[in-house]
Amino acid sequence: MADRSTSDIPPETRALAFVLPPLPYGIEDLKPILSAETLRIHHGKHHARYVETLNRLLSEQNFSVNTLEEIIRVALGSGAQGLFNNAAQAWNHSFFWESMSPKTSRPSGLLADAISSTFGSVEALGQRFIAEGTSHFGSGWVWLVARRNGLEVLSTHDAGVPNLEDGVMPLLACDVWEHAYYIDYRQDRAGWLTAWWDRLANWRFAERQYGAMLGHGEPWRYPAPESEQELLFSPGQ
Ligand code: FE2
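Residues numbered from 1 in each chain as written. Predicted model: local features only at pLDDT ≥ 70, side-chain atom pairs only at ≥ 80, totals over all residues.

### Focus on the nonpolar core
Most often, soluble globular proteins have nonpolar side chains that are buried together.
Phase 1 of the analysis: Judged by nonpolar contacts, the single largest core of 52 residues is most densely connected at Ile72, Ala87, Ala90 and Trp91.
Phase 2 of the analysis: Viewed by domain, this core spans two of them, domain 1 (16-22 + 33-101 + 222-232) and domain 2 (109-213), each represented by three or more residues.
Phase 3 of the analysis: Excluding its chain neighbours within four sequence positions, the residues that come into contact with Ala87 are Leu54, Leu68, Ile71, Ile72 and Ala75.
Phase 4 of the analysis: Membership of the second largest hydrophobic core comes to five residues, among which are Leu34, Leu39, Trp97 and Met100. (Core = buried A, V, L, I, M, F, W, Y, C linked by C-beta atoms within 7 Å. Buried ≥ 20, exposed ≤ 12 C-beta atoms within 10 Å, placed from the backbone. Domains from an automatic or database assignment. Contact = placed C-beta atoms within 7 Å.)

### Considerations on the pairing of strand β2 (residues 150-157)
Phase 1 of the analysis: Taken together, the eight bridges between strand β1 (residues 140-147) and β2 define a ladder with antiparallel strand orientation. Looking across to β2, one finds that Ala146 is bridged to Leu151.
Phase 2 of the analysis: Linkage of β1 to β2, two consecutive antiparallel strands, is achieved through a turn of two residues. (Pairing = 2+ DSSP bridges. Helix = DSSP H or I, 4+ residues; strand = E, 2+ residues; numbered from the N terminus.)

### Considerations on the packing of helix α3 (residues 68-78) against helix α4 (residues 81-98)
Relative orientation and spacing of two packed helices are given, respectively, by the angle between their axes and the distance between those axes.
Phase 1 of the analysis: One can describe the packing of α3 onto α4 by two numbers: an axis separation of 9 Å at closest approach and a directional angle of 150°. α3 and α4 meet at a crossing whose hand is left-handed. Two secondary-structure elements touch here, α3 through Leu68, Ile71, Ile72, Ala75 and Leu76 and α4 through Leu83, Phe84, Ala87, Ala88, Ala90 and Trp91.
Phase 2 of the analysis: Class assignment of the residues belonging to the contact of α3 with α4 gives a composition of 11 nonpolar, no polar and no charged. (Axes fitted to C-alpha atoms, helices over the stretch in contact; angles between N-to-C directions. Left-handed = near helix turned anticlockwise from the far one by under 90°. Nonpolar A, V, L, I, M, F, W, Y, C, P; charged D, E, K, R; others polar.)

### Here we look at helix α2 (residues 36-60)
Phase 1 of the analysis: Between the first and last C-alpha of α2 there are 35 Å, a value that for 25 residues agrees with the 36 Å anticipated at 1.5 Å per step.
Phase 2 of the analysis: At Ala48, α2 is bent by approximately 30°, the largest bend along its length.
Phase 3 of the analysis: Every buried residue of α2 is accounted for by Thr38, Leu39, His42, His47, Tyr50, Val51, Leu54, Asn55, Arg56, Leu57, Leu58 and Ser59. (Expected span 1.5 Å × (residues − 1). Bend = angle between axes of the 7 residues up to and from the residue.)

### Thoughts on the pairing of strand β3 (residues 169-175)
The two faces of a sheet get side chains in turn, since along a regular strand they alternate between them.
Phase 1 of the analysis: Within β3, seven of the seven residues are buried, which leaves the element mostly enclosed by the surrounding structure.
Phase 2 of the analysis: Examined bridge by bridge, β1 and β3 share six bridges and lie antiparallel to one another. Following the sheet pairing, Ala146 is matched in β3 by Met169.

### Here we look at helix α8 (residues 189-200)
Phase 1 of the analysis: Every buried residue of α8 is listed here: Arg189, Trp192, Leu193, Trp196 and Trp197. Buried residues of α8, viewed axially, fall in a sector of 125°; they line one side.
Phase 2 of the analysis: Summarising the contacts, the buried residues of α8 are in contact with α6 (122-135), β3 and α7 (182-185). (Arc of directions from axis to C-beta.)

### A closer look at the sheet that holds β3
Phase 1 of the analysis: Across the sheet, which stays open at both edges, the three strands sit in the order β2-β1-β3 with antiparallel pairing between neighbours. Looking at the sheet topology across the chains shown, the edges are occupied by β2 and β3. Each adjacent strand pair in this sheet contributes to an overall mean axis angle of 20°, direction not counted.
Phase 2 of the analysis: Relative to the sheet, α4 contacts β1 and β3, its axis offset from that of β3 by approximately 90°.

Right under this line is the structure:
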């Protein structure tokens with residue numbers, strides 16, 4: 001996509017900047033499954049860089065939108081690959097942080113019923129989830145999503161996001177980029193996914209997402225941009 005002059009950008013759009021949401025738990029709270037070092041680098045370096053680059057690209061390009069979900073959709077539809085990659089990775093990582101909890105839990109209620117009817121058991125779903133993430137070639141994400149007709153495990157490549165416009169509600173996501181697990185698990189992606197599934201998966205979050213699909217409450221959204229915040233990069237920098 002050709003860059004446009006920043007003079008074309010409405011002032012209200014030019015001032016928008018997305019923030020890096022804080023982790024929903026302490027930096028030490030996911031030990032021993034994830035070290036503080038991994039969280040510090042993954043959130044404070046990798047995720048932060050996606051948000052910084054997203055803001056820089058938004059300052060250079062004229063996108064008159066104000067939610068990250070809409071930016072992802074527009075960037076994907078217009079072939080703005082760089083903007084899509086950074087917007088989607090900002091979104092995916094925040095969803096991933098929410099998908100984990102220091103308190104190990106089990107699915108309950110309507111979601112537990114849906115898991116039983118789709119996969120037979122939580123254990124069978126776990127095996128399916130771990131196998132999907134382990135066999136995904138290269139970098140990407142493994143997801144548990146809900147559709148109107150049931151649940152599904154899928155993976156997306158690089159910055160890929162489930163098609164939110166197509167009646168898909170993401171419930172949980174696990175990062176299978178090497179930067180997510182290499183410090184703690186080296187090359188053992190299956191070990192990372194197994195520990196994640198058994199100890200970190202946030203079933204209360206998944207249940208809220210599932211409830212939203214059924215019309216109860218709102219799904220998780222990336223925090224709205226803060227219009228008063230200074231952009232992290234000056235246009236054209
Ligand atoms: Fe990551």
